[in-house]
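# Inside the fold
The residues making up each chain are set out below.
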Amino acid sequence: MTQTVPPRGQSFEHGLDQSDKTVAAFKTKKRGLFGTIQHGLHGNPTMVPVIVLLLSIAVFGLVAGGKFFSAFNLTLIMQQVSIIGMLAAAQSLIILTAGIDLSVAAIMVLMSVIAGNLAVYMGVPAPIALLISFAGGTGAGLLNGFLVTKVKLPPFITTLGTWSIFYALNLWLSGAQSIRSQDIDKFAPLLKFFGNTITVGNARLTYGSVLMVVVFLVLWYLLNKTAWGRHVYAVGDDKEAAELAGIRTDRTLLSVYGLAGLVCAIAAWASIGRVGSISPQAFYEANLHSITAVVIGGISLFGGRGSILGALFGALIVGVFQSGLRLANVDVLWQVFAIGWLIIIAVAIDQWIRKVSA
């Protein structure tokens, strides 16, 4: 009787026994000092404006001496950047979606003219006039959003056109005439509420400065703690990918433009208190200044990256530069020269950080 031997493994199994059993591994590239900094800033781009702000405070503190660090001067910087800061907050919302809004200042001035005409000349109660201006600002923003999402016009061209439209409406509604501070005090003092100050020692902080910080904190919460905020970043990073992920991109863009218009209307109320009167030709260069604050604040012009708090730091950097150079008796011409270089350097840093793969 023959004994059956169990069949041995197939030939390919013998081949596997002789195969290389080394586990695949990725080569890790050693980063130098600049590479480490580059990756760190890519993960937290807001650190760039924070570092620049601290360095500029230190430098101008040494150059201008004790006057720069006085409580009066530091709070004066907050007052000076309050309106541009709020416009930069509205601008940040649009730039995060890879767009740009050249009409933010025109919306703000138009809403201040509307509120002033209603409350001072037409006898409408100031709270109702302000609510109408808020609705008008939101509507102006939604008009921009509609042209971008439904008519498919580029944001740059759209807002360049609406800037001209809103500016013309400013002149038409106001008759190119300012509303005097005395008339506002007499008929609608509420319009100047945010010009009131809180005085602590030598520090004088306006309610408008406090409002600016509150606006930034609210928008930061919406962008970082809500699904809407994640959708905004997704649309700015890659709109087609966001659509494939199920995000209603057009609805998100409309809400962004509408909210930006509302922020501009809130800034309009604060601007009345800041200036003390209502002029249809005020804040003519505020569009450029708002974009400057956003760019210096580390928010990418290509969308989808950056923190809205960076725009606040960017506005403060501009204020610190202007204050420090003024205390150092530097001519206004060279102040503008310095801000121009700040913009170029900020964009160059953004390009450098973007080279790092996420």
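Residues numbered from 1 in each chain as written. Predicted model: local features only at pLDDT ≥ 70, side-chain atom pairs only at ≥ 80, totals over all residues. Heavy atoms only, no water.

Our focus in this paragraph is the overall build of the chain. A count of helices and strands for the chain gives 15 helices and 2 strands. Within the span of the chain, comprising 358 residues, buried residues form 46% of the whole. In the chain, the share of contacts with a sequence separation of at least 24, taken over all contacts with a separation of at least 6, comes to 76%. Here the chain displays about 18,800 Å² of accessible surface, and carbon together with sulfur accounts for 66% of that area. (Helix = DSSP H or I, 4+ residues; strand = E, 2+ residues; numbered from the N terminus. Buried < 20%, exposed > 50% of the residue type's maximum accessible area, 1.4 Å probe, protein only. Contact = heavy atoms within 4.5 Å. Areas by Shrake-Rupley, 256 points an atom, 1.4 Å probe, with all protein chains shown as cover.)

As enumerated under the stated definition, the model contains 13 aromatic pairs in all. On the numbers, 6.4 Å between centres and 35° between planes, the contact of F60 with F68 is tilted. We note that F60, like F68, is buried. Residues W163 and Y284 carry aromatic rings whose centres are separated by 6.2 Å and whose planes lie at 65° to one another, so their mutual orientation is edge-to-face. With a gap of 121 residues between them, W163 in helix α7 (residues 155-174) and Y284 in the loop between α12 (249-275) and α13 (286-296) connect regions that are remote in the sequence. (Phe/Tyr/Trp six-rings, centres within 6.5 Å; stacked < 30°, edge-to-face > 60°.)

Attention now goes to the pattern of salt bridges. All chains considered together, the criterion is met by 4 salt bridges. In this structure, K152 engages D250 in a salt bridge whose closest nitrogen and oxygen atoms are separated by 3.8 Å. Taken as a pair, K152 in the loop between α6 (126-149) and α7 and D250 in helix α12 lie far apart in primary sequence, 98 residues in all. A salt bridge links K239 to D250, with the shortest nitrogen-to-oxygen separation between them at 3.6 Å. Of this pair, K239 sits in helix α11 (residues 239-244) while D250 sits in helix α12, and the two are 11 residues apart along the sequence. On the basis of relative accessibility, which here comes to 30%, the residue K239 falls in the partly exposed class. Look at the salt bridges and you will find they share partners, linking K152, K239 and D250 into a network. (Salt bridge = Lys/Arg side-chain N within 4 Å of Asp/Glu carboxyl O.)

Pairing analysis gives 4 bridges linking strand β1 (residues 197-200) to strand β2 (residues 203-206), with the strands arranged antiparallel. The partner of I198 across the bridge, within β2, is L205. The loop that links β1 with its antiparallel partner β2 comprises 2 residues; one of these, G201, has a positive phi angle of about 65°. (Pairing = 2+ DSSP bridges.)

Another aspect to go through is the packing of helix α5 (residues 104-121) against α6. It is the contact of α5 with α6, at a shortest axis distance of 9 Å, that shows an interaxial angle of 150°. The angle between the axes of α5 and α6 places the two elements in the roughly antiparallel class. Remark: the crossing between α5 and α6 carries right-handed chirality. Contacts between α5 and α6 pair I107, M111, I114, A115, L118 and A119 from the former with A126, A129, L130, I132, S133, G136, G137, A140, G141 and N144 from the latter. In terms of residue class, the contact of α5 with α6 is made up of 11 nonpolar, 5 polar and no charged. (Axes fitted to C-alpha atoms, helices over the stretch in contact; angles between N-to-C directions. Parallel < 35°, antiparallel > 145°, perpendicular 65-115°, else oblique. Left-handed = near helix turned anticlockwise from the far one by under 90°. Nonpolar A, V, L, I, M, F, W, Y, C, P; charged D, E, K, R; others polar.)

Attention shifts here to the packing of helix α3 (residues 47-64) against helix α14 (residues 308-327). Two numbers describe how α3 lies on α14: the axes approach to 9 Å, and their chain directions differ by 15°. On the basis of the axis angle, α3 is roughly parallel to α14. In terms of crossing hand, the pair formed by α3 and α14 is left-handed. Between α3 and α14, the contacting residues are P49, V50, V52, L53, S56, I57, F60 and A64 on the first element and G310, F313, L316, I317, V320, F321, G324, L325 and L327 on the second. Residues belonging to the contact of α3 with α14 are distributed by class as follows: 14 nonpolar, 3 polar and no charged.

On to unusual backbone geometry. Unusually for a residue other than glycine, A176 sits at a positive phi of about 60°. With a phi angle near 60°, N329 is a residue other than glycine that sits in the positive phi range. Looking at the secondary structure, you find N329 in the loop between α14 and α15 (332-354). The exposure class of N329 is exposed, given its relative accessible area of 71%.

What follows deals with the layout of surface pockets. Here the largest pocket defines a volume of roughly 680 Å³. Together, 25 residues line the largest pocket, and I84, E285, H289, V318 and Q322 are the ones closest to its centre. In terms of residue count, α15 provides more of the lining of the largest pocket than any other element does, 6 residues in total. Of the residues assigned to the lining of the largest pocket, the class counts are 15 nonpolar, 7 polar and 3 charged. (1 Å grid on protein atoms, 1.4 Å probe; cavity = no way out; pocket = protein on both sides within 12 Å on 5 of 7 lines; lining within 4 Å. Points joined across faces, edges and corners; volume = space filled by probe spheres on them.)

Structurally, G303 is set in the loop between α13 and α14. For the pair G303 and V232, spaced 71 residues apart in sequence, the C-alpha to C-alpha distance is 9.4 Å.

What follows concerns a negative patch on the surface. On the surface, a cluster of negative charge is contributed by D237, D238, E240 and E243. As for its position among the elements, D238 is in the loop between α10 (227-237) and α11. (Patch = residues over 30% accessible without salt bridge, like charges linked within 9 Å, V, L, I, M, F, W, Y side chains within 5 Å. Lys, Arg positive; Asp, Glu negative; His and termini not counted. Charge placed at Lys NZ, Arg CZ, Asp CG, Glu CD.)

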